[in-house]
Each structure stands twice: as structure tokens, then as C-alpha cells.
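In case you want the letters, here they are:
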Amino acid sequence: MSFDSRREGDKVVLALTGRIDTVAASDLWSPLVKAAREAGEAGVIDLRAVTALDTTGATLLLTASGHGPKIEGASEGVAAVLDRVRDALAAPRPKPEPRLPWLARIGRGAIGLYHNTMDALAFLGELLTILMLTLLKPHRLRLREVLRFLDEAGTRAFPLTILLGSLLGVILAFQSAIPLRRFGGEIFVPSLVGISLMRELGPLMAGVILAGRTGSAYAAELGTMTVNEEVAALRVMGMDPMAILVLPRVLAGLLVMPILALLLTLSGLVGMTIIMGLLGFPLVTVTTQLQAWLSLKDMLGGLFKAAVFGLAIATIGCRSGLGAGRGPRAVGDAATAAVVGGIVAIVLLDGVFAVAFERLGL
Amino acid sequence: MTADAVIEAAHLTARFGTNTLFRDVSFTVSRGEVFVILGGSGCGKSTLLKLMIGLVPPAEGSVAILGTDVWSAEGEAKLALLKRIGVMWQQGALFGSQTLQENIEMPLAEHTSLPREARAEVARAKLGLVGLSEAANRLPSEVSGGMLKRAGIARALALDPPILFLDEPSAGLDPITSAGLDELIKDLAKSLGSTFVVVTHELASILAIGDRCIMLDKAEQGMIATGDPRDLRDHATHPTVRAFFRREAA
């Protein structure tokens, strides 16, 4: 392949030789297009010495000739490829998306938000209806499925929960002991850590674990089923995806979260006890402090919050999965929405609980 | 390998554990022809294709494409070989997060030094070749099954490879779309001089596009026929080949 530019009278001849394939076109693209632009209507692209042409080469020649030069001297085979690519490039281009004015974009966003909220409420309503129906006819509950999800969301999360809980207890105890030591208040570390874990951090951290492990798994699994039209197949067979797919998962989330929160809290207290031991406080001192400062009310409040968090995370995970769009990207988007939505939801709910418990004097 | 042969498969055997799909399959594919691999479900057509493009290793035998042994080539030699073949997958295998045009621009960006606007123009030309110009900005999830197949061909054509492998191009398509795709394959083979290796069991497609074919059979674990598909339809004596071409129960 080579390219040569020469002047013949009032014409500028851009002569090409050899095989103009993808590799040659890569090298020739910029110089040939530049030369064609400079030659304009006076230019001639001479293909007499071109032996072969592929579609990328043809695209280059047609792009160059679009600046004015005429194509001449193409052999029959080269001309056939040129004609085919010319037809291909002449096909209508995609219509550009109309860009809406900013007010219309805000309006569209608001309408989208409204529809999304309505869909979420409809989903909750449907879930509550199924829950009521199942309470009236408990034999319809797919207990085996509930147990499977309890295992997946619960027992398989125990090692991670114990690890994170004990580390959290160690860190909290260590970090709070440093400032309290300045006032001789290290003795209050168990009460500080105990109340923090039982009322707030236990349910919250267990919620983060559930959202990351289980919420995302629910969304990915149901999202894949939606993409593969398995959910549609269930509906067409007269089976309710809410009862078959969602209810067992939501019940598992509801039931497993208090256990995870309790396990995380107990692991944290063990971690804290180890640090207190290293600081010179015997076990009996720690337990006495915990007994003095912690009440059953704290524990039950924490466990109730955890159950609500579990319900929210599982519901958001299932809704994200069932609302997935098309294609593999939709599954990833659903999993992300489940984790982000789950974590935001538990933080918001925690705020609501904080205000409610304060108002109720709990 | 003869001067005109672009693919030479010799004594190929495919085996998964103790299950032998086919054994001792040998054939050559000539430059510019549409070569069809046909057979009933489960006979190993797609496995043979994967074996030819270097995805599944043969238990025995060898495949040479354009004089390079697929299974002994490594590094730059393997890359050079891969740039000279294009594959259309059964389900399109387009990247879901990219538009059709971006899917075609990707190999151009990776393997050529074309400037960005040139890549866009070349991608547009490839989409135009398969009649998808107007869908250039759509995601794979936003187009129909037939459009996905055609976009898959456009991506296989991205680097203008001399050999294209198509896995079940017309499976699951309506007769009109399927016939359109057959026309496209014939046109590309004629005007671009590309060699096509097509895996299919769609009888209408085989007869419409195939210059030559081989037929695999699950029961005999190997190749039971080779030749012009129209000759096989009219003159085959093997009962399975006759049943296949005459749409009879075996």
C-alpha cells in the first residue's frame, strides 16, 4: 500500500496503490483526508493501482471523496465494495434525541419520582395483601423456601457477623478507653459500648451486613429471573411471584435480622470484655457494669428495630430485582439499588426510631 | 494446505470426560466459499466451531487457519490470527452497557490506529452493511433478536477479517428476517470475498447460502456427509442425511 499526491495540470491526483485494508486505512486516514480536503473539487482519487479493498478502506475513500475529489479507476471488484459501502453510509442516521428544556427535565424527573413512589406503594400493598392471605391460610406458605432463605441469609452470615461484631467491640472499647482514662472513667467503657451496641450499632451493622450480602443477592437473583422472563412465566402459569418469590425472602429477612443483631452485639461485648481484661478489669467488673446500665428494654428496642430493618432490606432487595430492566446491566443496577436503598433505608428508619423512642420515653 | 484452502481441519476429536461428541473429522474450507456445518441437535456443531476458533481444545487432531495452527500459536502469532477471524455468536454476545455503534468501535479502538471520528464512520458503515444504521445509538437490550444477530455480524466484520464464523445465524428468527440474513451473508461473501463458516440446522438457510457443507451425526459420533448441500438433498444415500434434508423422522 502507498499513497502519492501529484499535480497534473489543474488536477491534484491522489494516487493509491496496493491493498487498502483496515491496517492500511489506519495509516492513510489522516494524510488522505487532509490531502482530499486541500485538493477539494480539483482532486482525483486514483484507484487504478489498488488491488484489493475492504469495507474500512472503502469508508476511508468515501470519506475523502466527501471533501470534493472524484474517485476514478476502480476495478470491478473494488467498485463493488465501494458501491456496497456507499449504500451503507447513505442509510439514514439515527435521529438525535430531542434535548428537553430544563423545566421539562425537572417535570419529567418529578413524574418519574411520582411513578416510582406509586410503584413502591403498590408493591408494599401487594406484599401486605399476600401476608394477610398467608396468615389466614398458613399452609400456603412455602416453609421449605423460608428455611432455605433463613439458612442463606442467617447461618451462612454468622461467621462474618461474629468477626465484624467482635472487631467492632474491640475498636469501640479501645477508642473510648483512651479519653475516659484521662478522667479515671475507664470503668464506664462496658456501659458505653454495651448501650451503643445494643441500641444502635448492633442493628445498624447487622443491617449493613444483610444489605450487602442478602439484599444484593435477592436483587441479582430476582433480576436475572426477570431478565430471563421466568417471573413472567410464573404469572402466565397463574402463580403469584409475590407469594412464591417475595414472601419467603421477606419473611426470612424479618426473622433473621434480630438474630444477626443479637449475635453481633454479643460478639461486640466479648471483644470489649477482652480489651477490658487487657486494661486490668476482671470479668466480674464488666458484667456488673453491664447489668447496672443495660435493661431488657434496650435489648427489645434494638431487636424490634433490627426486625424492621430486615423487613425493609429484604423488601427493597426483592423490589429492585423484580423491577429490573433488560440485559445483564439491569441485574447489576438492581443489585446496586438494593444495597444503596437498603443502607439508606435503615439509616432513615434509625432516625425515625430515635425520635419515636425518645417521645415514648423508651 | 492447498493454495486455496484457508482452513484445514485434520482428524479432529472432541471429548468431554468419557463422552465423545465426534471423532476423526477432517475437512478443508476454501477461500471465498460459504461452508456450512450442519447436523441435528447435540451432534457437536457448535463445539466444532469453538474448537476451530480456539475456545475448546481438541482431544485429538489439529486446525490450521490461514496456515497458522490454532492450538500451537501463542502471543503475537495468536493475536494476529484472531484479528483475521470474526465470530458471530448465537445470542449476539454484544456488550450490554454499550450501544451497537460502541460495540463495533471497540475492536477498532483496540486493534487499529484509526482516529476517533474515523472509527465512528467505519462503525456506521458496518452497521449500514447489515441495515442497522438507524439503531446505532441503541443498547443491545433495546433491539429485537434479528437486529441483535445482524449487529453481531457487524461486530464480526469490524476488522474486515477474511474469515467469518457464524453460530446459528438464523435460529429463532422469523422466515423473512432469516431470509434477509441469508441474503446478507451471500452478498458479503460475493462483494467482499470473505469466507464464511456457518453452523446451522436450518434447512432453508443451508440450501440458500451453502456452497459446501459437512454433516455431523450424534449416533455415529462423526462426519457422515460432505459436499454441495443441494447434491446431498437430491442424491444422498445415507438414511440420516436423507431424513435431514427431506425433513423426515429418522
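A brief look at the structure comes next. What you see is a predicted model; the values in this text were computed from it and never measured.

Rules and cut-offs
Residues numbered from 1 in each chain as written. Chains lettered and ligands numbered in written order. Predicted model: local features only at pLDDT ≥ 70, side-chain atom pairs only at ≥ 80, totals over all residues. Axes fitted to C-alpha atoms, helices over the stretch in contact; angles between N-to-C directions. Helix = DSSP H or I, 4+ residues; strand = E, 2+ residues; numbered from the N terminus. Parallel < 35°, antiparallel > 145°, perpendicular 65-115°, else oblique. Left-handed = near helix turned anticlockwise from the far one by under 90°. Contact = placed C-beta atoms within 7 Å. Nonpolar A, V, L, I, M, F, W, Y, C, P; charged D, E, K, R; others polar. Core = buried A, V, L, I, M, F, W, Y, C linked by C-beta atoms within 7 Å. Buried ≥ 20, exposed ≤ 12 C-beta atoms within 10 Å, placed from the backbone. Expected span 1.5 Å × (residues − 1). Bend = angle between axes of the 7 residues up to and from the residue. Pairing = 2+ DSSP bridges.

**Observations regarding the packing of helix α5 (residues 143-153) of chain A against helix α9 (residues 241-278) of chain A**
All names here are of chain A. At their nearest, the axes of α5 and α9 sit 8 Å apart, and the two run at 50° to each other. One finds that α5 runs oblique with respect to α9. Once α5 is placed against α9, the crossing between them reads as right-handed. Taking contact as the criterion, the partners of Glu145, Val146, Phe149, Leu150 and Ala153 in α5 are, on α9, Pro248, Arg249, Leu251, Ala252, Gly253, Leu255 and Val256. Residue classes in the contact of α5 with α9 are distributed as 9 nonpolar, 1 polar and 2 charged.

**Thoughts on the interface of chain A and chain B**
Contacts between the two partners involve 26 residues from chain A and, on the opposite side, 27 residues from chain B. Only α1 (22-39), α2 (55-65), α3 (76-90) and α12 (328-359) of chain A provide two or more residues apiece to the side of chain A that touches chain B. Examining the composition of the side of chain A that touches chain B, we find that 6 residues originate from one element, α3 of chain A, more than from any other. Each residue belonging to the side of chain A that touches chain B can be placed in one class, and the counts come to 11 nonpolar, 9 polar and 6 charged.

**A word on the nonpolar core**
If you look at the biggest cluster of nonpolar residues, it comprises 103 residues, and the most contacted ones within it are Leu82 of chain A together with Ile37, Met52, Ala154, Val197 and Met215 of chain B. It is α1 of chain A that provides the largest number of residues to this core, a total of 8 residues. Residues contacting Val197 of chain B, with those up to four places away along its chain left out, are Ile7, Val29, Phe35, Ile37, Leu49, Met52, Ile163 and Phe165 of chain B. Judged by nonpolar contacts, the second largest core, of 66 residues, contains Ala173, Ala211, Cys318 and Ala337 of chain A.

**Thoughts on α9 of chain A**
Residues and elements named next belong to chain A. In this model, α9 (38 residues) spans 54 Å end to end at C-alpha, consistent with the 56 Å of a helix rising 1.5 Å per residue. Along its length, α9 shows its largest kink, about 35°, at Leu247, and proline Pro248 lies within four residues downstream of that point. Extensive coverage of α9 is indicated by the burial of 28 of its 38 residues. Two residues or fewer after α9 comes Gly280, characterised by a positive phi angle close to 100°.

**Points about the environment of Leu94 of chain B**
Residues and elements named next belong to chain B. As for its placement among the helices and strands, Leu94 is situated in the loop between β6 (85-88) and α3 (100-111). As a C-alpha pair, Leu94 and Ser141 span 47 residues in sequence and 9.5 Å in three-dimensional space. Setting aside anything within four residues of it in sequence, one finds Leu94 in contact with Asn103, Pro140, Leu148, Ala151, Gly152 and Arg155.

**A look at the environment of Gly42 of chain B**
All names here are of chain B. Its place among the elements puts Gly42 in the loop between β3 (34-39) and α1 (45-52). According to the C-beta neighbour criterion, Gly42 is exposed, with 11 such atoms within 10 Å. Spatially, the C-alpha atom of Gly42 lies 6.6 Å from that of Lys218, the residues being 176 residues apart in sequence.

**Regarding the pairing of strand β2 (residues 19-30) of chain B**
By the bridge criterion, 8 bridges tie strand β1 (residues 5-16) of chain B to β2 of chain B in an arrangement that is antiparallel. Bridge pairing in β2 of chain B links Arg15 of chain B to Thr20 of chain B.

**Here we look at the sheet that holds β6 of chain B**
All names here are of chain B. Within the open sheet, the 6 strands sit side by side as β6-β7-β8-β3-β9-β10. Their pairing is mixed. In this open sheet, the two edge strands, each paired with only one partner strand, are β6 and β10 (222-227). Averaged over all neighbouring strand pairs, the angle between strand axes comes to 15°, with direction disregarded. Inspection of the sheet shows β3 paired to strand β8 (residues 195-199) by 4 bridges, in the parallel sense. Paired with Ile37 across the strands is Val199, a residue of β8. Contacts from helix α5 (residues 145-156) reach β6 and β7 (163-167) within the one sheet, and its direction differs from that of β6 by about 170°.

**Considerations on unusual backbone geometry**
Its identity is not glycine, yet Glu229 of chain A carries a phi of approximately 65°, on the positive side. Of the residues examined, Glu229 of chain A has 12 C-beta atoms within 10 Å and is grouped as exposed. Its identity as a non-glycine residue notwithstanding, Leu66 of chain B has a phi of 50°, on the positive side. Along the chain, the position of Leu66 of chain B falls in the loop between β4 (60-65) and β5 (68-69). Since 18 C-beta atoms lie within 10 Å of it, Leu66 of chain B is described here as partly exposed.

**Digging into the packing of helix α7 (residues 189-227) of chain A against α9 of chain A**
Residue and element names in this part refer to chain A. Contact pair α7 / α9: the axes reach a minimum separation of 7 Å and the direction vectors enclose 145°. When the axes of α7 and α9 are compared, the crossing they make is right-handed. Within the contact of α7 with α9, the residues separate by chemical class into 20 nonpolar, 6 polar and 1 charged.

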